[in-house]
Amino acid sequence: AQSVAQPEDQVNVAEGNPLTVKCTYSVSGNPYLFWYVQYPNRGLQFLLKYITGDNLVKGSYGFEAEFNKSQTSFHLKKPSALVSDSALYFCASNDNTDKLIFGTGTRLQVFP
Amino acid sequence: SAVISQKPSRDICQRGTSLTIQCQVDSQVTMMFWYRQQPGQSLTLIATANQGSEATYESGFVIDKFPISRPNLTFSTLTVSNMSPEDSSIYLCSVEDGGFGSYEQYFGPGTRLTVT
């Protein structure tokens, strides 16, 4: 069965430092992979996706993610974190249909 | 991307009652989805709302508990029936947008439901 794993419940980083939020996947076939962000008391916002092509995907707010097929990973990265990046981040994959399977989420806390 | 609104944004309901949540999109979309996000947890797909036909429910969710309507390509409702405290969650609708085969989903702001 398809699954998405986010091994870290929380990631803490100082403002200005690079950040990484980890995601691994287990899917059959070619995966479609997504990152979403959820700010407090708000719905999910689409950040970026990987379907095919370049393994480095750039998205909103300066975020990027790297698809690594051999490690079945799709880690979210940003070169320089902002306090305003503090939020809940979800990795997701679809099962080659329209259904999204979400990871358990990682809370990012950026300290000033 | 599509702009999605939900009503109500939050509600506190008594057990045994029902609540209908509305989802409105500013453009016509084929695929609409309803999710549940229980406190401190991830999102779980309840059902896919199909225009002109019955919704398609995921394992663990049934029509009697979560009836869904999809009268046109811009609107859907989810009813949470005979509520219990275990139904306290955030309920989110989403639509698939971004072009054919993009599989990008965009979410409404959610409805925070508390059942007492």
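Keep in mind the model is a prediction, meaning the values are calculated, not measured.

(A) The nonpolar core, seen in detail. Ranked by internal contacts, the top residues of the largest apolar core, which has 46 residues, are A:Y36, A:F102 and B:W34. Excluding residues that lie within four positions of it along the chain, A:Y36 makes contacts with A:L44, A:Q45, A:F46, A:L47, A:L88, A:Y89, A:F90, A:L100, A:F102, B:E104, B:Q105 and B:F107.

(B) Quick look at the interface of chain A and chain B. Contact residues are listed per partner, giving 22 residues for chain A and 22 residues for chain B. Buried surface at the junction of chain A and chain B, both sides included, amounts to about 1600 Å², of which 54% is carbon and sulfur. At the boundary of chain A and chain B, one finds 2 salt bridges. Between B:E104 and A:K49 there is a salt bridge, with its nearest N and O atoms 2.7 Å apart. Our count for the contact surface shared by chain A and chain B stands at 6 residue pairs in polar contact (both at pLDDT 80 or more). Broken down by secondary-structure element, the contributors of at least two residues to the side of chain A that touches chain B are β5 (32-38), β6 (44-50), β10 (87-94) and β11 (100-102) of chain A. The element best represented in the side of chain A that touches chain B is β5(A), accounting for 4 residues. Classifying every residue of the side of chain A that touches chain B by side-chain character gives 10 nonpolar, 8 polar and 4 charged.

(C) Structural view of the sheet that holds strand β3 (residues 19-25) of chain B. Residues and elements named next belong to chain B. With respect to topology, 4 strands assemble into an open sheet ordered β1-β3-β8-β7, the strand pairing being antiparallel. Unpaired on one side and paired on the other, β1 (4-7) and β7 (68-72) mark the two borders of the sheet. Between one strand and the next, the sheet's axes are offset by a mean angle of 15 degrees, whatever the strand orientation. Sheet topology note: the β3/strand β8 (residues 75-80) ladder contains 6 bridges and is antiparallel. Note that in β8 the partner of Q24 across the bridge is F75.

The rules behind the values
Residues numbered from 1 in each chain as written. Chains lettered and ligands numbered in written order. Predicted model: local features only at pLDDT ≥ 70, side-chain atom pairs only at ≥ 80, totals over all residues. Heavy atoms only, no water. Core = buried A, V, L, I, M, F, W, Y, C linked by side-chain atoms within 4.5 Å. Buried < 20%, exposed > 50% of the residue type's maximum accessible area, 1.4 Å probe, protein only. Contact = heavy atoms within 4.5 Å. Buried area = accessible area lost by both parts, 1.4 Å probe. Salt bridge = Lys/Arg side-chain N within 4 Å of Asp/Glu carboxyl O. Polar contact = N/O pair within 3.5 Å; in protein donor to acceptor, adjacent residues only side chain to side chain. Helix = DSSP H or I, 4+ residues; strand = E, 2+ residues; numbered from the N terminus. Nonpolar A, V, L, I, M, F, W, Y, C, P; charged D, E, K, R; others polar. Pairing = 2+ DSSP bridges. Axes fitted to C-alpha atoms, helices over the stretch in contact; angles between N-to-C directions.

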